Amino acid sequence: MKMMTAIIKPFKLDDVRDALNEIGIAGMTVEEVKGYGRQKGHTELYRGAEYLVEFQPKVKLQIAISDDQVEAAIDAISGAASTGKIGDGKIFVVPLEQSIRIRTGETGEDAL
Amino acid sequence: MSMEKNVKMLQRIAVLAVVMLASTGASADELNPADTAWMLTSTALVLFMTIPGLSLFYAGLVRVKNVLSILMQCFALTCLMSLVWFVVGYTIAFGSDGVEQGMWIGDFGNVLFASMTMETMNGGIPATLFAIFQMTFAIITPALILGAFAERMRFSAMLLFSTIWLIVVYSPVCHWVWGGGWLGNMGLQDFAGGTVVHITAAVAALVAALVMGPRKGFGTVAMPPHNLTMTITGAGMLWVGWFGFNAGSAVAADNSAAMAMLVTHLSASCGALAWMTMEWVRHGKPSVLGIVTGMVAGLGTITPASGSVGPAAAVLIGLSAGVICYFATNYLKNALKIDDSLDVFPVHGVGGILGTLLAGIFCSTQLGIFSGNGFSDGIDSIGGQLMVQATGVLATFIYTLVATFIILKFVDMVVGLRVDGDEETQGLDLVLHDERGYDL
């Protein structure tokens, strides 16, 4: 099993969700986050007072998937979240040791 | 028709004519219903400028932890300044009827409005109406100042400062210009308060910003407005209320009031467009805060001139207000590093000075399409009128500067001007009022 974290542009969330649904991944956890990478912040100007806002708003989504879904999920997210401009985001994949569905007590891939 | 009937008819017409003549040539002390209705309306409009207009305008500009402190200061000032005006402010400014007015302050016959009854008249309107119309000016002037010391002044200090300031600065200057004092007698043209309202408030704001020092983190920590939609809402209310402020200053429902309303509106529009354009050209984008700040600059600048100039001159006054106040704001903040937190001086002060001086030029009847309503009695040139206008500006500026400085030092000694650093970081809403503005 793998835990996949994707940081994407907020307006691409619906596209990414649809793309993941299409390959059978039907659950995810989403957070609104702030951060920056190569895409620096922006400036705001209030009556001559200029402020550099360093953090960009992003959406972070996490999905727990089986090993054989990883390649398809990466393709789906990359395809749907891409605009070709700086700031499209990143995908991280880490091994997932265990998962448990609280209601039934199922474990492992059955619980995904 | 019989002869007798004809005579009766003629008699009736004659009686009617006499009655009509009597009412059109009414003595000054007879109530003029049109004037009275307009002044009642204007009074409501000017109060509306402070609560909620200016309150919302200012409250949106501060950080989220101080939003209530601003709303509270405006509201409390409205209540307290009304009372101070009733007790002693009005009589210092306007004295009482039938008493020869001195150069510096009015007589004390109207302490507690003592020589006013329901029947007392002030020209064609009730004396009580004039008193409350002027009361709304005495409310908004100190309320303008609080933009300079926003987010750091103790509430008690603000109340004490404003009370003394209204008595020592606003009321006497009001007398000098409008109450029969030396500047008015000299022929100063200040229709609705360029000197009385905007210069006094703005100079006091500048002094307060300097005496109190900047907010913690000014220049290094970002302090963007917390709710610009609130600011835009308040700005719209200010614009509407300003019709009462300027056109009401005619104290009549007449041609002068109508012209004042027209020039006020044009100047506001041009000030807004000018500021917006400056930002668009220099920074690449027109900002919402910019366009409404330009509007306030246009309104503040036309205020003293609103009874003196015509519509074409109002366009020039508005445009110059937008451009000059824009540069003044940048200069004060970025070059002088003065934390006049909500930019009271560069907008109201620079605007008030500019408008008072421009009134001296554009009141001339010799400027073609840019002509105005003429010089004051005994003055026959732009140079002569400008000298009087400049005297008014300088006298108001210097007196306010010195008096405000002394009052602030006194208040600092008695109750302390600032909250301490820890409290400032926490925010005035929780520290001073035990409340939060939003629970989202």
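These notes cover the structure that comes with them. Computed from a predicted structure; not experimentally measured.

**Quick word on the overall build of chain A**
Helices and strands together make up the secondary structure of chain A, namely two helices and six strands. Counted from the first residue to the last, chain A has its helices and strands arranged as β-α-β-β-β-β-α-β. Here the C-alpha radius of gyration of chain A, 17 Å, is well above what a compact globule of 112 residues would show, namely 13 Å. Split into buried and exposed, the 112 residues of chain A put 19% on the buried side. Pairs at least 24 residues apart make up 69% of the contacts formed inside chain A by residues separated by at least 6 positions.

**Digging into helix α5 (residues 155-178) of chain B**
Residues and elements named next belong to chain B. The largest bend in α5 comes to about 45°, at L166. Most of α5 sits inside the fold, with 17 of its 24 residues counted as buried. One or two steps after α5, the chain reaches G180, where phi turns positive at roughly 95°.

**Re the packing of helix α1 (residues 13-22) of chain A against helix α2 (residues 70-81) of chain A**
Geometrically, a packed helix pair is captured by the angle between its two axes and the distance between the axes. Residue and element names in this part refer to chain A. α2 packs onto α1 with a crossing angle of 150° between their chain directions and a minimal axis gap of 8 Å. In terms of axis orientation, α1 runs roughly antiparallel to α2. The chirality of how α1 crosses α2 is right-handed. Across the interface between the two elements, D15, V16, A19 and L20 from α1 touch A73, A76, I77, G79, A80 and A81 from α2. Residue composition of the contact of α1 with α2, grouped by class: eight nonpolar, one polar and one charged.

**Quick look at the interface of chain A and chain B**
Taken residue by residue, the interface counts seven residues in chain A and twelve residues in chain B. The set of elements that each furnish at least two residues to the side of chain A that touches chain B consists of β3 (42-46) and β4 (49-53) of chain A. When the residues that make up the side of chain A that touches chain B are grouped by side-chain class, the tally is four nonpolar, one polar and two charged.

**A look at unusual backbone geometry**
Residue and element names in this part refer to chain B. Between I51 and P52 the backbone carries a cis peptide bond, its omega angle lying at 5°. Tracing the chain through its elements places P52 in helix α2 (residues 33-61). At E151, a residue that is not glycine, the phi angle is positive and equals roughly 75°. With respect to the element layout, E151 can be found in the loop between α4 (127-145) and α5. Given 22 C-beta atoms within a 10 Å radius, E151 is considered buried. In this structure, V251 takes a positive phi of about 50° despite not being glycine. Within the secondary structure layout, V251 lies in the loop between α8 (228-247) and α9 (255-283). With 20 C-beta atoms packed within 10 Å, V251 lands in the buried category.

**Some words on the sheet that holds strand β1 (residues 2-8) of chain A**
Residues and elements named next belong to chain A. Judged by pairing direction, the sheet is antiparallel, and its four strands sit side by side in the order β2-β5-β1-β6 without closing on themselves. For this open sheet the edge positions go to β2 (29-35) and β6 (89-95), each flanked by a neighbour on one side alone. The average angle at which neighbouring strand axes cross in this sheet is 20°, direction not considered. Across seven bridges, the pairing between β1 and strand β5 (residues 56-65) is antiparallel. Across the sheet, residue T5 finds its bridge partner in β5, namely Q62. Sheet contacts for α2: β1, β5 and β6; angle to β6, the most-contacted strand, approximately 165°.

**Description of the pairing of β4 of chain A**
Residues and elements named next belong to chain A. One ladder, built from five bridges, connects β3 with β4; its direction is antiparallel. Looking at the pairing, H42 lines up with V53 of β4. Turn length for the β3-β4 hairpin, with the two strands adjacent in sequence and antiparallel, is two residues, and the turn residue R47 shows positive phi of about 45°.

Reading guide: rules and limits
Residues numbered from 1 in each chain as written. Chains lettered and ligands numbered in written order. Predicted model: local features only at pLDDT ≥ 70, side-chain atom pairs only at ≥ 80, totals over all residues. Helix = DSSP H or I, 4+ residues; strand = E, 2+ residues; numbered from the N terminus. Rg over C-alpha atoms; globule rule 2.2 N^0.38 Å. Buried ≥ 20, exposed ≤ 12 C-beta atoms within 10 Å, placed from the backbone. Contact = placed C-beta atoms within 7 Å. Bend = angle between axes of the 7 residues up to and from the residue. Axes fitted to C-alpha atoms, helices over the stretch in contact; angles between N-to-C directions. Parallel < 35°, antiparallel > 145°, perpendicular 65-115°, else oblique. Left-handed = near helix turned anticlockwise from the far one by under 90°. Nonpolar A, V, L, I, M, F, W, Y, C, P; charged D, E, K, R; others polar. Pairing = 2+ DSSP bridges.

Such coordinate-based values are descriptive only and should not be taken to indicate function.
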